[in-house]
Amino acid sequence: MTVESTAPRKPRRSAASKAGTDGSKTAGTTGTKRATRTTRAAKSAEPELVQLLTPEGKRVKNAEYDAYVAGITPEELRGLYRDMVLTRRFDAEATSLQRQGELGLWASLLGQEAAQIGSGRATREDDYVFPTYREHGVAWCRGVDPTNLLGMFRGVNNGGWDPNGNNFHLYTIVIGSQALHATGYAMGIAKDGADSAVIAYFGDGASSQGDVSEAFNFAAVYNAPVVFFCQNNQWAISESNEKQTRVPLYQRAQGFGFPGVRVDGNDVLASLAVTRWALERARRGEGPALIEAWTYRMGAHTTSDDPTRYRGDEERLAWEAKDPILRLRRYLEASNHADEGFFAELEAESEALGKRVREAVRAMVDPDHFAIFENVYADGHALVDEERAQFAAYQASFTDAEGV
């Protein structure tokens, strides 16, 4: 399958031309229009997108993007499968830990593993990544220890890793703001003459934020080497796509003057290929691109959400049939690229990861309550000193109450 065209649509015909020269409508033309609308609706149910692996695990050819995965080896394919399996296992463990009261909140990536692993593995070490708060798979690809992701959700730190250590920025809770951070960073490295690129992740809900539109505009005007990667998981919490946009999200790029592509976000090969294409053109100085990964959030928006209140089981079941991990496993088995020994070893590794995550979270030490006042200003500040004293008095009030 090929990407849907971003070419301008033909102008709509006038009412008179639709109805005939005399402006009247006949039963025949009305029936034809209804049939046309039905046909279009049927086509829109399964949008055209870049796909290299079908849900059944069959490899399909794509003249434009095959070259970007042409040299992939069986070992690398097994690596992509391992990445997705371990990321899903870690994610499931984090969800369980939140339900047990060990984490305050968790944003699951269940169902979005292919979009994240495919795009994450397309990056180079010197590229810089700006995530939201759900890019656990991308963090894995960038070498961030999974246990470091959990500190913020446990409330013991503001991000458990050095962004510059892995070129992976801290998680961003403010919706859409990281698109501006990524664009500014990309403009900076372009001025430095570097040949690296930047990638910014956000969801379909964030695409409605003004910050994202501003980032698109700045990136286009300054030809910034940035790739905007939108994981369209169909739901912005409880708001569906239909309530957010009148056009496919990837087509928005056309209005800002750079290319947009819709990719099957449950196809790890297609996600890898399209992201490689976008990053390579960015490094060559050809400017930004927008990738819309068409995927699905299988779980809740976060553990504070109840998706059964706004979507039905049929929708979830339809997407379960497109499971990203299952389709790659089918391809590996059909191609004889993996045997039962590989899957058994991976299962054992998955369980070991879950155990390590559980132990690490429960061993996390609560931070010093007064650490929040440190490093606000280089030389201190009277207002911060006043706030520290007020907080100390507040904490002391609990000690006094316990002693009564």
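A brief look at the structure comes next. (Residues numbered from 1 in each chain as written. Predicted model: local features only at pLDDT ≥ 70, side-chain atom pairs only at ≥ 80, totals over all residues. Heavy atoms only, no water.)

1. Some thoughts on unusual backbone geometry
Stage number 1. Of note in the backbone geometry, Asn336 takes a positive phi value of approximately 60° without being a glycine.
Stage number 2. The residue Asn336 is located in the loop between helix H13 (324-334) and helix H14 (340-362) in this model.
Stage number 3. Judged by its relative accessible area of 69%, Asn336 falls in the exposed class.
Stage number 4. Positive phi outside glycine occurs at Asn375, with the angle close to 65°.
Stage number 5. By secondary structure assignment, the location of Asn375 is in the loop between H14 and helix H15 (382-403). (Helix = DSSP H or I, 4+ residues; strand = E, 2+ residues; numbered from the N terminus. Buried < 20%, exposed > 50% of the residue type's maximum accessible area, 1.4 Å probe, protein only.)

2. Some words on the environment of Phe216
Stage number 1. As for its position among the elements, Phe216 is in helix H9 (residues 210-221).
Stage number 2. Through-space distance from the C-alpha of Phe216 to that of Pro288 is 8.2 Å; in sequence the pair is 72 residues apart.
Stage number 3. Discounting residues that sit within four places of it in the chain, Phe216 has contacts with Phe202, Phe228, Phe256, Phe258 and Leu290. (Contact = heavy atoms within 4.5 Å.)

3. Some words on the pairing of strand E2 (residues 198-203)
Stage number 1. The element E2 is largely enclosed, with a buried count of 5 among its 6 residues.
Stage number 2. Sheet topology note: the strand E1 (residues 128-130)/E2 ladder contains 3 bridges and is parallel. Paired with Tyr128 across the two strands is Val198, which belongs to E2.
Stage number 3. Note that E2 and strand E3 (residues 226-232) share 6 bridges and pair parallel. (Pairing = 2+ DSSP bridges.)

4. Topic: the side chain of Gln231
Stage number 1. If you trace the backbone, Gln231 turns up in strand E3.
Stage number 2. Residue Gln231 is classed as buried on the basis of its relative accessible area, which comes to 2%.
Stage number 3. Side-chain polar atoms of Gln231 contact the side chain of Gln112, separated by 3.0 Å.
Stage number 4. In this structure Gln231 touches Gln112, Ala115, Gln116, Glu135, Tyr201, Phe202, Gly203, Asp204 and Ala293, once residues within four positions along its chain are discounted. (Polar contact = N/O pair within 3.5 Å; in protein donor to acceptor, adjacent residues only side chain to side chain.)

5. Re the nonpolar core
Stage number 1. Counting residues in each nonpolar core, the largest one holds 68 residues, and the members touching the most others are Tyr81, Leu150 and Leu328.
Stage number 2. When residues of this core are assigned to their parent elements, the largest contribution, 10 residues, is made by helix H11 (residues 268-283).
Stage number 3. Excluding its chain neighbours within four sequence positions, the residues that come into contact with Tyr81 are Ile325, Leu328, Arg329, Leu332, Phe342, Phe343 and Leu346.
Stage number 4. Counting 23 residues, the second-largest nonpolar core is a separate cluster that includes Val212, Ala215, Leu249 and Phe258. (Core = buried A, V, L, I, M, F, W, Y, C linked by side-chain atoms within 4.5 Å.)

6. Some remarks on the pairing of strand E7 (residues 289-294)
Stage number 1. Among the 6 residues of E7, 6 are classified as buried, and the element is accordingly described as predominantly covered.
Stage number 2. Along E7, one buried face is formed by Ala289, Ile291 and Ala293 and the opposite face, lined by Leu290, Glu292 and Trp294, is buried too.
Stage number 3. Here 6 bridges tie E3 to E7, and the two strands are oriented parallel to one another. Pairing of Val227 across the sheet is with Ala289, part of E7.
Stage number 4. One ladder, built from 5 bridges, connects strand E6 (residues 260-264) with E7; its direction is parallel. Looking at E7, one finds that Val263 is bridged to Ala293.
Stage number 5. You can see the chain leave E6, run along H11 and come back into E7, and the turn it takes is right-handed. (Right-handed = clockwise from strand over helix to strand, strands pointing away.)

7. Side note on a nonpolar patch on the surface
Stage number 1. On the surface, Phe218, Val221 and Tyr222 cluster together into a nonpolar patch covering about 330 Å² of accessible area.
Stage number 2. Take Tyr222: it is sitting in the loop between H9 and E3.
Stage number 3. Note on Tyr222: relative accessible area 49%, which makes it partly exposed. (Patch = residues over 30% accessible without salt bridge, like charges linked within 9 Å, V, L, I, M, F, W, Y side chains within 5 Å. Areas by Shrake-Rupley, 256 points an atom, 1.4 Å probe, with all protein chains shown as cover. Salt bridge = Lys/Arg side-chain N within 4 Å of Asp/Glu carboxyl O.)

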